[in-house]
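# Remarks on the overall topology
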Amino acid sequence: MNPVGLQILEHLRSVDAERKRRVADPALGERVQAIKTFQQARFVRTYADLLASARYARTARFFLDEIYGPGDFAPRDDQFARIVPGLVRLFSAEVARTVLALAQLHALSEVLDTAMGQALSRPAVDDESYGQAWRAVGQPEQRERQIMLMLTVGEALDQYTRRPLLRQALRVMRKPAELAGVGALQHFLETGFDTFREMRGAREFLDTVATRERALAAALFAGQPLASGLAASARDA
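Here we summarise the structure given alongside this text. (Residues numbered from 1 in each chain as written. Predicted model: local features only at pLDDT ≥ 70, side-chain atom pairs only at ≥ 80, totals over all residues. Heavy atoms only, no water.)

### Some words on the overall build of the protein
The condition that has to hold: Strands here mean DSSP runs of E at least two residues long; helices mean DSSP runs of H or I at least four residues long; both are numbered from the N terminus. Only protein chains enter the accessibility calculation, which uses a 1.4 Å probe; a residue is then buried when its area is under 20% of its type maximum, exposed when over 50%, and partly exposed in between. What makes two residues a contact is simply this: any of their non-hydrogen atoms within 4.5 Å. Accessible areas in this description were obtained via Shrake-Rupley with a 1.4 Å probe; residue shielding takes into account the shown protein chains only.
Scanning the protein for helices and strands turns up 12 helices and 0 strands. The linear arrangement of helices and strands in the protein, starting from the amino end, is α-α-α-α-α-α-α-α-α-α-α-α. Here the protein, with 237 residues, has 51% of them falling under the buried criterion. The contacts of the protein with a sequence gap of at least 6 include a subset with a gap of at least 24, amounting to 78%. Accessible surface, the protein as shown: approximately 11500 Å² in total, 56% of it carbon and sulfur.

Written out as structure tokens, the structure reads:
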């Protein structure tokens, strides 16, 4: 397998290791789940306008459910890992690099979520305890890296929507994917492609998300209440 494929698998193994840590420590798992649930609710607050927008609602919902959501993505990740050898053989180097960025984002988010869970004293999260856990974990450079990886993936998806043959290829793959037991991954890929295509240009959406996430992170690191950070991120967008 080529180096990109090996890196993708390495990041997927990192995700699996974080899951196993939480299974081995149910109390930690409960706190991490509380963090994920809170973060999804925070996303709704931060992007209420995008979720209500005719142009951006579906893409914002895709981010909410497929990236920020508290659901169990283990089946999709298992499917993902199974097709990595074929993916790096059949798809262009550009697509493989995008998949690598997605795997990096997933692994980094899981590591930071575990650290946030470890910083909580109990499995109940509110604005104050979330801010305290955020500052206890620190790592501002990794929070910025999260944002940059998100932009990398989003910008690539936006570029791919201008290539109709890619969408056609995904459609042709639907039945074989189901038969091969990778339907969850196929759904993720098709949904991501379609939601970005429907926006007819993702620059404003991605800039809004990046600006708000950076403003929110700066406010939390400065010790401001989360509500203040949300207000600041809306003003700076």
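### Section: the packing of helix 6 (residues 93-119) against helix 7 (residues 127-137)
What counts, and what does not: Axes here refer to lines fitted to C-alpha atoms; in helices the fit is confined to the stretch in contact. Angles between the N-to-C directions go from 0 to 180 degrees. By convention, the crossing between two helices is left-handed when the near helix turns anticlockwise from the far helix through less than a right angle, and right-handed when the turn is clockwise. Residue type decides the class: Asp, Glu, Lys and Arg count as charged, Ala, Val, Leu, Ile, Met, Phe, Trp, Tyr, Cys and Pro as nonpolar, and the leftover types, Gly among them, as polar.
Direction vectors running N to C along helix 6 and helix 7 enclose 115°, while the axes themselves pass 8 Å from each other. The chirality of how helix 6 crosses helix 7 is right-handed. For the pair helix 6 and helix 7, the contacting residues are Leu112, Ala115, Met116 and Ala119 in the first and Tyr130, Ala133, Trp134, Ala136 and Val137 in the second. Class assignment for the residues of the contact of helix 6 with helix 7 results in 9 nonpolar, no polar and no charged.

### Re helix 8 (residues 140-160)
For the record, the criterion: What a helix should span is 1.5 Å times the count of its residues minus one.
Between its first and last C-alpha, helix 8 extends 31 Å over 21 residues, near the 30 Å set by a 1.5 Å rise per residue. Taken as a whole, helix 8 has its buried residues at Arg143, Gln146, Ile147, Leu149, Met150, Leu151, Val153, Gly154, Ala156, Leu157, Asp158 and Tyr160.

### Observations regarding the side chain of serine 129
Here serine 129 lies in helix 7. Its relative accessible area of 16% is what places serine 129 among the buried residues. Discounting residues that sit within four places of it in the chain, serine 129 has contacts with Leu120 and Ala124.

### As for the nonpolar core
Keep this limit in mind: For the purposes of this section, nonpolar cores are sets of buried Ala, Val, Leu, Ile, Met, Phe, Trp, Tyr and Cys residues that join through side-chain atoms within 4.5 Å.
Of all hydrophobic cores here, the largest spans 43 residues; its most connected members are Tyr130, Met150 and Phe205. Beyond its immediate stretch of four places on either side in the chain, methionine 150 contacts Phe63, Leu105, Leu206, Val209 and Ala210. Formed by 12 residues, the second largest nonpolar core is a distinct cluster that contains Ile8, Val95, Leu100 and Phe193.

### Considerations on the pattern of salt bridges
What counts here: By definition here, a salt bridge exists when the distance from a side-chain nitrogen of Lys or Arg to a carboxyl oxygen of Asp or Glu is within 4 Å.
The tally for this structure, following the rule as stated, stands at 15 salt bridges. For aspartate 127, the salt bridge is made with arginine 45, and the minimal N-O distance between the two is 2.9 Å. Here the residue aspartate 127 occupies a position in helix 7, and arginine 45 occupies one in helix 2 (residues 26-46), the gap between them amounting to 82 residues. Judged by relative accessible area, aspartate 127 falls into the partly exposed class, the value being 26%. Note that glutamate 155 and arginine 203 form a salt bridge whose closest N and O atoms lie 3.2 Å from each other. With glutamate 155 in helix 8 and arginine 203 in helix 11 (residues 203-221), the pair connects residues that are 48 residues apart, well separated along the chain. Glutamate 155 sits in the partly exposed class, given a relative accessible area of 32%.

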